[in-house]
Amino acid sequence: MLTLGIDSSTQGVKAVVYDTVQKRIVASQAVNYGKDLPQFASPDGFLPNDNPLIRRANPEMWVQGLELVLKRLYDSGAPMGEIAAIGGDAQQHATVCLDESGAFTRMACPIWMDSSTEAEVASLDAHFGEALRERTGSPAVERFAAAQMMKFYKEDPEAYRRTTRVHLLSSYLTSLLAGRDAPIDIGDGAGMNLLNLHTLEWDEEITNFVAPGLLEKLPAIHRPGEEPLTLSARFTQFGLTEGIPVAPFTGDNPASLVGCGAHKPGSAVISLGTSDTFFAAMPDFCTDPDGYGHVFGNPFGGFMSLSCFKNGSLARERVRTLCGVDWKFFDETAFELTPSGNDGNRAFAYFESEITPRHPPTGIEANFDWQSASPEVKIRALVEGQIANMRERTRWIGEFKTIYVTGGASRSQGIRSVIADVFGAEILTLDATDSAAIGGALLAANVCEAGLTK
Ligand code: XUL
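Residues numbered from 1 in each chain as written. Predicted model: local features only at pLDDT ≥ 70, side-chain atom pairs only at ≥ 80, totals over all residues. Heavy atoms only, no water.

Asks: Would you mind showing me how to read unusual backbone geometry here?
Replies: Excluding glycine, residues mostly carry a negative phi; peptide bonds, for their part, are mostly trans. Here T356 and P357 are connected by a cis peptide whose omega angle stands at -10 degrees. With respect to the element layout, P357 can be found in the loop between β19 (354-355) and β20 (358-359). In this structure, H93 takes a positive phi of about 80 degrees despite not being glycine. Its location among the elements puts H93 in the loop between β5 (83-90) and β6 (95-98). The phi torsion at D343 lies on the positive side, around 50 degrees, for a residue other than glycine. Secondary-structure assignment places D343 in the loop between α13 (327-336) and β18 (347-350). By relative accessible area, D343 is classed as exposed at 66%. (Helix = DSSP H or I, 4+ residues; strand = E, 2+ residues; numbered from the N terminus. Buried < 20%, exposed > 50% of the residue type's maximum accessible area, 1.4 Å probe, protein only.)

Rendered as structure tokens:
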């Protein structure tokens, strides 16, 4: 069976046609927002803003990105007519607000990188304290929908009032493909500070506190085993068959959990993308006592734990540019020229405000003379700093003998060896660096195999 997996990430969108029997990608295409949709003036997938805490994107860019990647697949001769089902994922936490006619009520949607809701987080903290973490799996978090919607209501009450539906990007894309309002997937819905993970219902007390009428604006919650949505006629222009099942899109991290085959407890996944994340299927529900980590839904049932680090691939790219070296040097040579441990030289990159742990956007902080150091020392210092911080902040998730490494930077032998050293674990990689899109394709296959197709 062929299924289509779509990954709508921060910097672009990818689509893979996946053969579920031979377990291989038969066609794939990608769109980069900066390069391919320059009219949205978002080189890194968000609108540049003088305030480094504000990170927003035009939702029209996500729609055009989706259509362009499907067009590219179709034009490349991919077997679109043979695709039996569609699944996918999106960057987590981005909210999309619509009015009754389905038009956007907010043309600059906060994405996961937004940290401009400090005041709202403080007010959620003051009101709910520990109860928020206990009920929703996460402490009050800047990028999550609760704080973001509280701010939207305060900043633009008129647009908030006109909003009749608040989607996550994942459920918005499912709605677009299905041509009707789609439910929210629990994997991604858990990343809003609004879903009670004990009842798997929206928490009325929290929604009432956040903004008036929010509960009615939230989509239904997807229940496993529900009849899937089906593809709308609009997408037949790309050779797809109207009426094929569309599995509810999930978050990129839950999709990667599935794509790596790590949806059963036992192994962990490190995804090295715009954000670096560390996650694992959870044997038992628990939360991060230090208040940085999260609990999301596992698309195959139960929960997953996750810690997210904001200064991931954009920081690596920035240091590579500062060093004036190519990717081969960054990924391999730098690690051949330097010893493990880097003679004690370590650096932390805060180009973006960091969330795990919280840190303002101060640039590079090194324990050595950064300016005069060689490129290889700088590169190892950065990567060892990133991975050592990850190790420290993910102890609450558990100890793992096997770690899957995925995402663009998983191609780097140097980075993989640092992970193996720091975690003392066996490192596995997939053939494709993009486990999220494969996860989407597997979720699509799952709705077919569950016999839920019409
Ligand atoms: C997870 C998070 C990021 C985004 C990146 O909580 O914010 O990993 O999902 O796309």
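More follows now that the structure is in view.
Asks: Sorry, what's going on with the packing of aromatic side chains here?
Replies: The way to describe two aromatic rings as a pair is by their centre distance and the angle between their planes. The tally for this structure, following the rule as stated, stands at eleven aromatic pairs. Ring geometry for F104 against Y172: centres 5.6 Å apart, planes inclined by 55 degrees, an arrangement best described as tilted. Here Y172 lies in helix α7 (residues 169-178) and F104 lies in the loop between β6 and β7 (109-110), a separation of 68 residues in the sequence. As far as burial versus exposure is concerned, F104 and Y172 are alike and both buried. In this structure an aromatic cluster arises from ring pairing among F152, Y153 and Y160. It is K217 that lies over the ring of Y160; its NZ or CZ is 4.6 Å from the centre. A cation sits over an aromatic face here: K378 above W370, 5.4 Å from the ring centre. (Phe/Tyr/Trp six-rings, centres within 6.5 Å; stacked < 30°, edge-to-face > 60°. Lys NZ or Arg CZ within 6 Å of the ring centre and 35° of its normal.)

Asks: Mind showing me how you'd approach the pattern of salt bridges here?
Replies: Here the idea is simple: oppositely charged side chains can pair when their charged atoms come close. Applying the stated rule across the entire model yields 22 salt bridges. Residue E155 is joined to R56 by a salt bridge in which the shortest nitrogen-to-oxygen separation is 3.6 Å. Taken as a pair, E155 in helix α5 (residues 145-155) and R56 in strand β4 (residues 56-57) lie far apart in primary sequence, 99 residues in all. A single salt-bridge network, built from bridges that share partners, covers R56, K151 and E155. (Salt bridge = Lys/Arg side-chain N within 4 Å of Asp/Glu carboxyl O.)

Asks: How should the pairing of β6 be read in this particular structure?
Replies: Two faces make up the sheet, and in a regular strand the side chains alternate between them. With burial as the criterion, each face of β6 is covered, one bearing T95 and C97 and the other bearing V96 and L98. Of the pairings in the sheet, the one linking β6 to strand β8 (residues 165-168) comprises four bridges and is antiparallel in character. Looking at β8, one finds that T95 is bridged to L168. (Pairing = 2+ DSSP bridges.)

Scope: geometric values only; no functional claims are made or implied.
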